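Chain residues, written in single-letter form:
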There are 2 protein chains.
Amino acid sequence: MSEVRTLKVALLGCGNVGAQVARILIDDADALAARSGARLELSGIAVRTIDAPRDVELPRELFTTDADTLVKDADLVIELMGGIEPARSLILTAIQNGACVVTGNKALLAQDGPTLYEEADKAGVQLSYEAAVAGAIPILRPIRDSLSGDRITRVLGIVNGTTNFILDQMDTTGAQFSDALAEAQRLGYAEADPTADVEGHDAAAKAAILASLSFHTRFSLDDVYCEGITKVSAADIASAKEAGFVIKLLAIAEKIDSENGSGISVRVHPTLLPREHPLAAVRGAFNAVFIEAENAGELMFYGQGAGGTPTASAVLGDLVSAARRLVLGGPGRTETTTGHVPALAIDASNTSYYIGLDVADQAGVLARIAHIFAENGVSIEIMRQTIHRDSESNVESAELKIVTHRASEAALAATVEAVKGLDVINSVTSVLRVEGV
Amino acid sequence: MSEVRTLKVALLGCGNVGAQVARILIDDADALAARSGARLELSGIAVRTIDAPRDVELPRELFTTDADTLVKDADLVIELMGGIEPARSLILTAIQNGACVVTGNKALLAQDGPTLYEEADKAGVQLSYEAAVAGAIPILRPIRDSLSGDRITRVLGIVNGTTNFILDQMDTTGAQFSDALAEAQRLGYAEADPTADVEGHDAAAKAAILASLSFHTRFSLDDVYCEGITKVSAADIASAKEAGFVIKLLAIAEKIDSENGSGISVRVHPTLLPREHPLAAVRGAFNAVFIEAENAGELMFYGQGAGGTPTASAVLGDLVSAARRLVLGGPGRTETTTGHVPALAIDASNTSYYIGLDVADQAGVLARIAHIFAENGVSIEIMRQTIHRDSESNVESAELKIVTHRASEAALAATVEAVKGLDVINSVTSVLRVEGV
């Protein structure tokens, strides 16, 4: 056999995912060498505290607190520290030294990706980040490469397992948000401080990355409208269920061409989906990304969106691809960003809506409400009224559920405002966006 | 703007898919140039008959019957003629001339892929064939690249839309195979001669390609055990349905390590899947590939498996990737085949089985049958007996449904043979393999 080249791999961070990456690099060294065409030698693991407890037992001599020196001597750098600094500076150092970089740092990419992509382009090295979106699911490479001859028109993603677990629990058991969150925390699906997940920030970072790749334009977190799931009530879920829908937190990026603007709407919010939609079947902590493209039609990618070992699979896929490139030569171009489509504000987005109203049970109420919708240019697709009679007080109340055709966020807001002003309206119980109808 | 290079694209074949590829190359020229970094100029379309009717109107001057000359002058060759010759010779000519080749020819790849891959490796050109398996679904690139740092243990694919449509019809309406086939033919989902689809030959070619990429070893059609759906009866489907299963024609490639042999079992056969399995929800003519990998866990890729426009999307994704490579330099390595795992005969495969028996309603029958299973080393997971009474004759008969744990095909065959010999057995009504339990 001919002499096989050795590539030095520096690992930054040794948490949940990092520890598994280190384990696989050691245990599967032969298979990885066969795939890469080079031996991938783990030259060191940079951590803050050398003796911190870890999921996997690893040789103590690999650990160092001197990330800078480690990076400067590496052919391939895996950044799994998370956070902005020092991750950002270390990645830039690696790139400037001609190393290929693999990262799973969605927060950094969503905030300052453009700088990193440009530096990687200039240096001719590969910057890959499959692990940053939807864990183990190969989604970024298919978007970037397999769909490069097509035009993506819409991306809908369940990209946060914590919120999907919570919503799934609420849907299955009828639990309130707070109880479902507590259950998720108990089972390790939610962190002690769940803010980043339940407020949609994690999904928003992933939405920015998905939108950038899908529409060949660099979007950052600032371009993403973000609404979490903390206000979704058990009543919302029950009412949606009755109407044949399930509520999911979706990361959405879609091309919009309307009088309110042309560009890309990038947003994260609780969304009603028909129960027969492929995304509706994505249960528990699983992730999935649904893509609509002009020629390919509908595609879906499904798998584990988090967890040390699954996410390590994505990191290692990127690592082997980068190593192949180093061995065989050739450029490390990361993406094509020839489009410069504007990001649209949430007002210009264009979806169907689900509106729940608690109304007086009087003749003519439906007509008055329908009139307000029409005046504001919002077309009603389904209107369903249910009468409840309180057996004690004998008072009747009516619940009205409306699903609209696609309308602009602005028109819908004006409609809801006007409806609220009607004397026959007791309350607006839910206003939720709908996709997949 | 700097001068943009032009790459000459030769298209061989102008059927269903070819015509859409030509249309998109012309209509989307600017977007494709932006993605590729080069203008992709359709230099000609080789066909047998220039004036044949086609789905798309295309400039007449592009057509030629001289494929050989067209290929010799091209940077990129798209082969969509199908069949073995002259496709094979033209691809070899293209490779020897240093052109990158994109093909959707699963029959050719399954029969003589190894020769083509080797020639492409030697010439340092890219040979890509995403369109050959599961139409628009990006599945080959994720297996080859994204999962290159992982170990795939099993692939289960619904890779033939015609048979999935027929089985779905039978499941939904209770139709017999022949009626469902006629309906598929009426709707254009099945060809006048449906042999290649319903006998599983098309799926078998795709299974060979999936197995080769997943297990880094070159498998051909000869390595694939193949059983079609023509013998699946309405009764089989109804009986499976009652037990909570759906019947799908699956292309399966899995790693087996057992006393009957170690290697890869590559096979196509009707398979029972639990209704809650992600593949069970793949309806109509859609395709999906379900992958189990050591680290990534379960992944599924879903989309349109056929049709001119969707398949053209996959062809163009390959074309743009090949063009990028030509523009930016670098090698065209097609795959890594460092493994040399043997293909196993069907006897060594190892699955669960579903067995339907029409038995006499006598005391002790269950015990005698269970004894035979035990003797042959086949462990029973579920055994369910249903008693029917014919109201006219007042004769009772019993139906016995058995789902086994994983067992070897050989042990199962011996068991069924022995069961048939029992005097209390009227008939063996179904023997079907089960996955996903």
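Residues numbered from 1 in each chain as written. Chains lettered and ligands numbered in written order. Predicted model: local features only at pLDDT ≥ 70, side-chain atom pairs only at ≥ 80, totals over all residues. Heavy atoms only, no water.

- Taking an unreviewed UniProt entry as the reference, chain A is identified by name as Homoserine dehydrogenase belonging to Arthrobacter bambusae.
- For the record of chain A, the UniProt heading Sequence similarities (unreviewed entry) holds the text "Belongs to the homoserine dehydrogenase family." (UniProt positions renumbered as here; feature names shortened; annotations may be inferred.)

1. What about the overall build of chain A?
- If you tally the helices and strands in chain A, you get 14 helices and 18 strands.
- Relative to a compact globule of 437 residues, whose C-alpha radius of gyration would be 22 Å, chain A shows 25 Å and is just as compact.
- Judged by the C-alpha coordinates and their principal axes, chain A covers about 85 × 45 × 35 Å.
- Across chain A, every contact between residues at least 6 apart in sequence was considered, and the portion connecting residues at least 24 apart equals 73%. (Helix = DSSP H or I, 4+ residues; strand = E, 2+ residues; numbered from the N terminus. Rg over C-alpha atoms; globule rule 2.2 N^0.38 Å. Contact = heavy atoms within 4.5 Å.)

2. Quick look at the nonpolar core
- Counting residues in hydrophobic clusters, the biggest one holds 233 residues, and the most contacted among them are Ile139(A) and Ile139(B).
- Ranked by residues supplied to this core, first place goes to helix H10 (residues 201-215) of chain B with ten residues.
- In this view, Ile139(B) contacts Glu130(B), Val133(B), Ala134(B), Leu210(B), Val289(B), Ile291(B) and Phe301(B); residues no more than four positions away in its chain are not counted.
- One finds Val246(A), Leu279(A), Ala288(A) and Ala288(B) within the second-largest nonpolar core, a separate group that totals 26 residues. (Core = buried A, V, L, I, M, F, W, Y, C linked by side-chain atoms within 4.5 Å. Buried < 20%, exposed > 50% of the residue type's maximum accessible area, 1.4 Å probe, protein only.)

3. Observations regarding the domain arrangement of chain A
All names here are of chain A.
- Once the domains are mapped, chain A shows domain 1 (6-131 + 308-328), domain 2 (140-304) and domain 3 (349-434).
- Across the contact, 14 residues belong to domain 1 and 13 residues belong to domain 2.
- Summing both sides of the interface, domain 1 and domain 2 together bury roughly 1,200 Å²; the carbon and sulfur share of this comes to 59%.
- On the domain 1 side of the contact with domain 2, Lys106, Ala110 and Glu130 bury the most area, a combined 42% of that side's loss.
- In this assembly, domain 1 and domain 2 are joined by three salt bridges.
- Lysine 106 serves as the salt-bridge partner of aspartate 202, at 3.6 Å between the closest nitrogen and oxygen.
- In this structure, the connection of domain 1 to domain 2 is made through six residue pairs in polar contact (both at pLDDT 80 or more).
- Going through the elements one at a time, helix H5 (106-123) and helix H12 (308-328) are the ones with two or more residues in the side of domain 1 that touches domain 2.
- Per-element accounting of the side of domain 1 that touches domain 2 gives the leading share, eight residues, to H5. (Domains from an automatic or database assignment. Buried area = accessible area lost by both parts, 1.4 Å probe. Salt bridge = Lys/Arg side-chain N within 4 Å of Asp/Glu carboxyl O. Polar contact = N/O pair within 3.5 Å; in protein donor to acceptor, adjacent residues only side chain to side chain.)

4. Some points on the UniProt feature "domain: ACT" (unreviewed entry) in chain A
- In the numbering used here, UniProt assigns the feature "domain: ACT" (unreviewed entry) to residues 354-437 of chain A.
- Secondary structure across residues 354-437 of chain A comprises 27% helix and 44% strand; the distance between its end C-alpha atoms is 11 Å.

5. Some points on the pairing of strand S9 (residues 245-258) of chain B
Residue and element names in this part refer to chain B.
- The buried count for S9 comes to eleven of 14 residues, which makes it a mostly enclosed element.
- Alignment of strand S7 (residues 152-158) against S9, held across four bridges, turns out to be antiparallel. Within S9, the position partnered with glycine 157 by the bridge is alanine 251.
- Summarising the sheet, S9 and strand S10 (residues 261-274) pair through 14 bridges and their orientation is antiparallel. Paired with valine 246 across the two strands is leucine 273, which belongs to S10. (Pairing = 2+ DSSP bridges.)

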